[in-house]
Amino acid sequence: MLSRPDLGVPPHLGYTASTLDRAADRRRDAAAIAALEADPRARIHLLAGELVVLRKSAATIARAYPNPGGEDPAFTFAEGAALAPWRERMFLGLRDGAPRFAAGIDKEAAEALKSRGDLLVTDLRAIATGGLVAPEHLPPLAEAKAVLGWHARHRFCANCGTPSQPVDAGWRRDCPACGMQHFPRTDPVVIMLAIDGEYGLLGRSPRFAPNMWSCLAGFVEPGETLEEAVRRETREEAGIVCGRVAYFASQPWPFPMSLMVGCHTAAVTTEITVDRSEIEDARWFSRDEATAMLLRRHPAGLTVAHPVAIAHHIIRAWVEADRSLV
Ligand SMILES: [Zn+2]
């Protein structure tokens, strides 16, 4: 058995471990949904694209800077209605029996709320990486952002072009002309770490912060297995041929509506050829170097993806493993 570094308590993987019961059986029951909306315990999240409306904690207002974990994204229906007109509304589920909803509001309305001293209006990425809300709020916010974003981009029937109507508490759109039913979708993305013995393959996108490296990733294509997508993307982006693929974990990634499928894969070649149209760079990192990056102790200041993202966990699992993962 190899000795492995002790990285401490694993961080929470963002947007996962929802405490909401989605209560999907209620969605089609309009009377049940109306009763849930009228429940005094009902709360609603307000979102406009990337932006989420948060109520500042008293501590934040007093100190004039965000209070990690303390901002509140849940409003009563009366509070939410007073803040901005709602577009689509959706039922997210029940939390300890208390109904939770979300509504889309216009970008202009959200921007206008930024001037209020008691509210914080910012994007979901900043909320997650900054830890602005309690971790249990992130899964329903991800659920809301993905579905409300789908409504915003799917106002017309994809079959005949007629304006479609939301039904089933926001979980379907129906076309009044051709009868087609449209459901919110989620797009699978493979995200993987290719491993060659004591070395792992990381890449850099031009969009990344300076010095940050992460796993390679790409959308699964129609007619492709997850394993095939892992091998194809690694070969396309870095020229590395891979063999075995092992599933690690998955993560909802509502930017705009993906499911990240995390994997480890065994590299069978080592010579890198970077596709500069896809990524900025790729190279092999030793396990020791990756450990230093995870601990933010790398001598050159190199880091890996934030703990909110599954890439961090994929890399950490490899660094900590006392056996071959693939
Ligand atoms: Zn239609």
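In what follows, the structure referred to is the one given above.
A brief report on the enclosed structure follows. (Residues numbered from 1 in each chain as written. Predicted model: local features only at pLDDT ≥ 70, side-chain atom pairs only at ≥ 80, totals over all residues. Heavy atoms only, no water.)

Considerations on the coordination of the zinc ion
Here the zinc ion is held by the protein donor atoms Cys-157 (SG), Cys-160 (SG), Cys-175 (SG) and Cys-178 (SG), which lie 2.2 to 2.4 Å from it. Coordination geometry of the zinc ion: the four donor atoms subtend angles of 100 to 117 degrees at the metal centre, consistent with an arrangement described as tetrahedral. In the primary structure, the donors to the zinc ion are separated according to the pattern C-x2-C-x14-C-x2-C. Of the two residues, Cys-157 sits in the loop between helix H6 (138-153) and strand S6 (165-167) while Cys-178 sits in the loop between strand S7 (172-174) and strand S8 (181-182), which places them 21 residues apart along the sequence. Judged by its relative accessible area of 36%, Cys-178 is partly exposed. (Donors = N, O, S within 2.8 Å, 3.2 Å for Na, K, Ca; no water. Tetrahedral: all angles 85-135°; square planar, octahedral: opposite > 155°, others 65-115°. Helix = DSSP H or I, 4+ residues; strand = E, 2+ residues; numbered from the N terminus. Buried < 20%, exposed > 50% of the residue type's maximum accessible area, 1.4 Å probe, protein only.)

Digging into the sheet that holds S7
An order of S6-S7-S8 is seen for the three strands of this open sheet, with the pairing classed as antiparallel. Of all strands in the sheet, those with a lone pairing partner are S6 and S8, marking the two edges. For S6 and S7, the ladder comprises three bridges, and the chain directions are antiparallel. Along S7, the bridge assignment pairs Val-167 with Arg-172. Against the sheet, H6 makes contact with S6, S7 and S8, and its axis sits at roughly 20 degrees relative to S7, the strand it touches most. (Pairing = 2+ DSSP bridges. Contact = heavy atoms within 4.5 Å. Axes fitted to C-alpha atoms, helices over the stretch in contact; angles between N-to-C directions.)

Focus: the side chain of His-298
As for its placement among the helices and strands, His-298 is situated in the loop between helix H8 (287-294) and strand S16 (303-304). For His-298, the side chain forms a polar contact with the side chain of Glu-289, separated by 2.8 Å. Setting aside residues no more than four positions away along its own chain, His-298 makes contact with Glu-289, Ala-292 and Met-293. (Polar contact = N/O pair within 3.5 Å; in protein donor to acceptor, adjacent residues only side chain to side chain.)

Some details on the pattern of salt bridges
Per the stated rule, a full pass over the model turns up 26 salt bridges. Among the salt bridges present, the one from Asp-187 reaches Arg-185, with a minimum N-O distance of 2.6 Å. When its relative accessible area of 17% is taken as the criterion, Asp-187 is described as buried. Among the ionic pairs, Glu-224 bridges to Arg-232, the shortest N-O distance being 2.5 Å. (Salt bridge = Lys/Arg side-chain N within 4 Å of Asp/Glu carboxyl O.)

Observations regarding the packing of aromatic side chains
Under the criterion given, the structure shown has seven aromatic pairs. Each ring, one from Phe-91 and one from Phe-101, has its centre 5.2 Å from the other, and the planes form 50 degrees; the classification is tilted. One end of the pair, Phe-91, is in strand S3 (residues 89-95); the other, Phe-101, is in strand S4 (residues 98-104), with 10 residues separating them in the sequence. Overall, the relative accessible area of 0% leaves Phe-91 in the buried class. Phe-101 gets classed as buried once you look at its relative accessible area, which sits at 1%. Plain terms: the ring middles of Trp-253 and Phe-255 are 5.1 Å apart, the flat faces sit at 65 degrees to each other, and that makes the pair edge-to-face. (Phe/Tyr/Trp six-rings, centres within 6.5 Å; stacked < 30°, edge-to-face > 60°.)

Side note on the sheet that holds strand S2 (residues 51-55)
If you trace the five strands from one edge of the open sheet to the other, you get S3-S4-S1-S2-S5, paired in mixed fashion. Each edge of the open sheet carries a strand with a single partner, namely S3 and strand S5 (119-123). Ignoring strand direction, the axes of neighbouring strands in this sheet form an average angle of 30 degrees. Both strand S1 (residues 43-48) and S2 contribute to a ladder of two bridges, which runs antiparallel. If you follow Ala-48 over to S2, its bridge partner there is Leu-51. Packed on one face of the sheet, H6 meets S1, S2, S3 and S4 and runs near 160 degrees to S3.

These figures come from the coordinates and say nothing about function on their own.
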